Amino acid sequence: MKNEGIPVVKEGFPFVIVCLIGMIGFAAGGVWSAALIFAALSAYVVFFFRNPERLPPVGRASVASPADGKVIFVGEAEESEFLHTRCKKISIFMSLFDVHVNRVPLDGTVRDIKYHRGRFMAAFEDRASEENERNAILLETPNNEKIVFVQVAGLVARRIVCYPTPGTFILKGQRFGLIRFGSRCDVYLPLDAKVTVQEGEKVLGGESVLAKLNEGGQEE
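Residues numbered from 1 in each chain as written. Predicted model: local features only at pLDDT ≥ 70, side-chain atom pairs only at ≥ 80, totals over all residues. Heavy atoms only, no water.

1. A look at helix H2 (residues 32-48)
For H2, which comprises 17 residues, the first-to-last C-alpha distance of 24 Å matches the rise-based estimate of 24 Å (1.5 Å per residue) to within 8%. Taken as a whole, H2 has its buried residues at Ala34, Ala35, Ser42, Val45 and Phe48. Viewed end-on, H2 has its buried residues packed into an arc of 145°, placing them on one side of the element. H2 presents Trp32, Ser33 and Leu36 as exposed residues on the side facing more than 90 degrees away from its buried surface. If you follow the buried residues of H2, they end up packed against helix H1 (13-28) and strand S10 (175-179). (Helix = DSSP H or I, 4+ residues; strand = E, 2+ residues; numbered from the N terminus. Expected span 1.5 Å × (residues − 1). Buried < 20%, exposed > 50% of the residue type's maximum accessible area, 1.4 Å probe, protein only. Arc of directions from axis to C-beta. Contact = heavy atoms within 4.5 Å.)

2. Details of the packing of aromatic side chains
The final tally for this structure, using the stated rule, is seven aromatic pairs. A centroid spacing of 5.1 Å and a plane angle of 70° characterise the contact between Phe149 and Phe176, whose relative ring orientation is edge-to-face. Of the two residues, Phe149 is situated in strand S7 (residues 146-153) and Phe176 in strand S10; the sequence distance between them amounts to 27 residues. Accessibility classification places Phe149 together with Phe176 in one group, the buried group. (Phe/Tyr/Trp six-rings, centres within 6.5 Å; stacked < 30°, edge-to-face > 60°.)

3. Thoughts on the sheet that holds strand S5 (residues 108-116)
As summarised here, the arrangement of the eight strands in space is S9-S5-S6-S7-S11-S3-S2-S13, forming an open sheet in which the pairing is antiparallel. The sheet is open, and its two edges are formed by strand S9 (169-170) and strand S13 (202-203), each paired on a single side. The sheet contact formed by strand S6 (residues 134-140) and S7 spans seven bridges and is antiparallel. Paired with Ala136 across the bridge in S7 is Val150. (Pairing = 2+ DSSP bridges.)

4. Examining the pattern of salt bridges
Evaluation of the coordinates by the stated rule reveals seven salt bridges. Glu140 is the salt-bridge partner of Lys146, the closest N and O atoms lying 4.0 Å from each other. Note on Lys146: relative accessible area 37%, which makes it partly exposed. With a shortest N-O distance of 3.1 Å, Arg184 and Asp186 are connected by a salt bridge. With respect to burial, Arg184 and Asp186 carry one shared label: buried. Within this structure, Glu4, Glu53 and Arg175 form a network of salt bridges that share partners. (Salt bridge = Lys/Arg side-chain N within 4 Å of Asp/Glu carboxyl O.)

5. Quick look at the pairing of S10
For S10, the tally of buried residues reaches five of five residues, placing the bulk of the element in the interior. Here strand S4 (residues 101-103) runs beside S10; their pairing, made up of three bridges, is antiparallel. When the bridges of S10 are listed, Arg103 appears paired with Arg175. Where strand S8 (residues 160-162) and S10 come together, three bridges link them in antiparallel fashion. What sits directly across from Ile160, in S10, is Ile179.

The structure is reproduced here in structure tokens:
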């Protein structure tokens, strides 16, 4: 996986450099108001692309949040990309002030990835899951449970980044990608999963527990 052990993700470097060049250029020309604007933009871009370390929850049945943000939906929904069945769905909305690095919810093997072009409506809209630009990942756990997590672009977001490829074994809490400038993540779990969050709750990617999978009453 990429961006391990660095405070700002590499995908943010071009934006930081452009803002710094603008700041230095305007400062050199004595246009201090514009220089201050670019200085503020530089600070915000560094803040937006920050890349904190996270400690994933213990227990292979504990589902980690794939994103920082606010839980905007908890309930049942049809997963139409891979599983074609009713699932427990949890949606997390990432504002412009949340960390936008995405994290792996569970240990497992990536079985398939599907990217769709689409619209760029506000990510908190219910229709965004089906109509916006998105990237869906099918993960199979060591216990043969299949879950799906989806990166969904938002009103301002115009770039979804995803690192793993089909066949890759990934670990809970690892960075698997990011979405630039406002977006959401959807997670589809088996119906017998026990959800541990509620709508309106704030969660941390790779650290907060969204749900517990049913493993016959035994969790290791």
